[in-house]
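Chain by chain, the residues:
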Amino acid sequence: MHIVHTIADLRAQLSAFRRPAFVPTMGNLHAGHIALVKQAKPLGDVTVSSIFVNRLQFAPHEDFDSYPRTLDADAQRLEAAGCDVVFAPREKDLYPEPQSFKVHPATDLSDILEGHFRPAFFIGVSTVVMKLFSCVFAGMPAGVAAFGKKDYQQVMVVRRMVQQFALPIEILAGETQRADDGLALSSRNSYLTPEQRQEAVHLLQALRALGEAARAAPSLPDLAALEAQAMQALARRGWKPDYLTVRRRADLMLPPGALADVPLVVLGAAKLGNTRLIDNLEI
């Protein structure tokens with residue numbers, strides 16, 4: 001496995017290949033990332049993973065400086081998973097000058113849910129993903145990029161961006177990987193205290209309960225009340241919920257009416273102590 005830091009070195013490593021399978025990450029890898037690498041590997045002729053903590057998607061009050069950076073351990077895990085090339089650029093390598101050109105995704109998708117509570121988050125995500133795609137796929141006739149479904153809205157933003165820009169890249173959405181008790185694997189789980197780690201599984205339980213209640217609800221007005229009750233129940237356990245909501249899978253809009261035959265997803269984001277967790281469940 002080769003570890004490279006500059007765009008020129010990355011492209012030199014990929015020059016003999018035609019179809020990269022790419023897994024972008026911010027490092028501090030867990031089994032969910034490794035599952036994506038293993039899923040993507042058979043779909044390309046070279047497997048690439050990036051490790052880059054992207055300043056553009058962090059608000060000033062968020063955890064950019066404290067986000068765990070574990071390159072040596074990450075590289076070992078990627079090599080064991082069969083990754084061929086690790087692209088670990090320094091900030092000056094990926095952003096040699098201030099990134100004044102940015103990708104602004106459609107507001108109907110990017111300004112709701114995560115985008116509402118983290119303004120400009122998806123501008124930062126879209127911009128870095130587009131730049132990474134340019135680094136990895138330049139000159140390639142086709143390729144695959146894998147993202148985890150735990151970041152459900154992010155997958156939809158990236159997929160729509162690829163479609164709008166006619167990029168020759170297939171987006172693979174990998175299923176959320178979970179611990180034995182159901183907690184979605186996340187790099188931020190390491191912030192939790194032992195007591196918070198035991199409590200953290202209640203976010204998934206709240207999503208399950210809301211999903212079951214939504215499927216039994218006869219109409220849309222009932223849904224708003226069910227969402228409010230779900231947030232109140234989680235708050236009583238000491239959480240600070242941003243949202244617990246039921247949306248259409250197709251576009252993350254509110255269902256228009258009866259819920260019985262509409263493919264839905266339940267999404268939630270809440271703080272437990274100082275750690276913000278997200279999860280979702282298709283129903």
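Just so it is clear, the model here is predicted, and its values are computed rather than measured. (Residues numbered from 1 in each chain as written. Predicted model: local features only at pLDDT ≥ 70, side-chain atom pairs only at ≥ 80, totals over all residues. Heavy atoms only, no water.)

(A) Region of the structure containing the overall build of the chain. Within the chain one finds eleven helices and nine strands. Seen through its C-alpha atoms, the chain measures out along the principal axes to roughly 55 × 40 × 35 Å. Taking all 283 residues of the chain together, the buried fraction comes to 52%. Within the chain, residue pairs in contact and separated by at least 24 positions form 74% of the contacts whose partners lie at least 6 positions apart. Averaged over its 30 positive side-chain charges, the chain has a centre that lies 1 Å from the centre of its 30 negative ones. (Helix = DSSP H or I, 4+ residues; strand = E, 2+ residues; numbered from the N terminus. Buried < 20%, exposed > 50% of the residue type's maximum accessible area, 1.4 Å probe, protein only. Contact = heavy atoms within 4.5 Å. Lys, Arg positive; Asp, Glu negative; His and termini not counted. Charge placed at Lys NZ, Arg CZ, Asp CG, Glu CD.)

(B) The arrangement of the sheet that holds strand β8 (residues 264–272) in detail. With respect to topology, three strands assemble into an open sheet ordered β7-β8-β9, the strand pairing being antiparallel. The sheet is open, and its two edges are formed by β7 (240–248) and β9 (275–282), each paired on a single side. Mean inter-strand twist for the sheet, computed between neighbouring axes without regard to direction, equals 10 degrees. This element, helix α10 (residues 202–216), spans β7, β8 and β9 of the sheet and lies at about 35 degrees to β9. In the packing of helix α11 (residues 220–236) onto the sheet, contacts are made with β7 and β8, and the angle to β7 comes to roughly 150 degrees. (Pairing = 2+ DSSP bridges. Axes fitted to C-alpha atoms, helices over the stretch in contact; angles between N-to-C directions.)

(C) Up close: the pairing of strand β5 (residues 143–148). Of all six residues in β5, five are buried; the element is thus mostly enclosed. By the bridge criterion, two bridges tie strand β2 (residues 20–25) to β5 in an arrangement that is parallel. Looking at the pairing, phenylalanine 22 lines up with alanine 145 of β5. Alignment of β5 against strand β6 (residues 169–174), held across six bridges, turns out to be parallel. Residue pairing for β6: alanine 146 is matched across the bridge by leucine 172. After leaving β5, the chain enters helix α8 (residues 152–164) and then returns to the sheet as β6, a path that is right-handed. (Right-handed = clockwise from strand over helix to strand, strands pointing away.)

(D) Layout of the sheet that holds strand β1 (residues 2–4). A sheet is described by the order of its strands in space; here six strands give the open sequence β1-β4-β3-β2-β5-β6, paired in parallel fashion. Only two strands of the sheet have a single partner each, and these edge strands are β1 and β6. Ignoring strand direction, the axes of neighbouring strands in this sheet form an average angle of 25 degrees. Here three bridges tie β1 to strand β4 (residues 85–87), and the two strands are oriented parallel to one another. When the sheet's bridge partners are listed, valine 4 is paired in β4 with phenylalanine 87. Across the sheet, helix α2 (residues 31–40) lies against β2, β3 (46–51), β5 and β6, angled at about 170 degrees from β2, the strand it touches most. Lying on the sheet, helix α3 (residues 71–80) is in contact with β1, β3 and β4; it crosses β3 at an angle near 160 degrees.

(E) The arrangement of the nonpolar core in detail. Within the largest apolar cluster, 44 residues are counted, with the highest numbers of intra-cluster contacts made by Leu10, Phe133 and Leu252. No other element matches the eleven residues that helix α7 (residues 121–137) contributes to this core. Listed in part, the 23 residues of the second largest apolar core include Leu192, Leu203, Ala214 and Ala270. (Core = buried A, V, L, I, M, F, W, Y, C linked by side-chain atoms within 4.5 Å.)

(F) Layout of the packing of aromatic side chains. Under the defined criterion, the tally for this structure stands at nine aromatic pairs. For the pair phenylalanine 22 and phenylalanine 137, a centre-to-centre distance of 6.1 Å together with 75 degrees between the ring planes defines the contact as edge-to-face. With a gap of 115 residues between them, phenylalanine 22 in strand β2 and phenylalanine 137 in helix α7 connect regions that are remote in the sequence. Centroid distance phenylalanine 133 to phenylalanine 137: 5.6 Å. Interplanar angle 75 degrees. Geometry classified as edge-to-face. Here the residue phenylalanine 133 and the residue phenylalanine 137 both occupy positions in helix α7, the gap between them amounting to four residues, near one helical turn. Phenylalanine 137 sits in the buried class, given a relative accessible area of 7%. Feature note: the residues Phe22, Phe133, Phe137 and Phe147 constitute an aromatic cluster, connected by ring pairs. (Phe/Tyr/Trp six-rings, centres within 6.5 Å; stacked < 30°, edge-to-face > 60°.)

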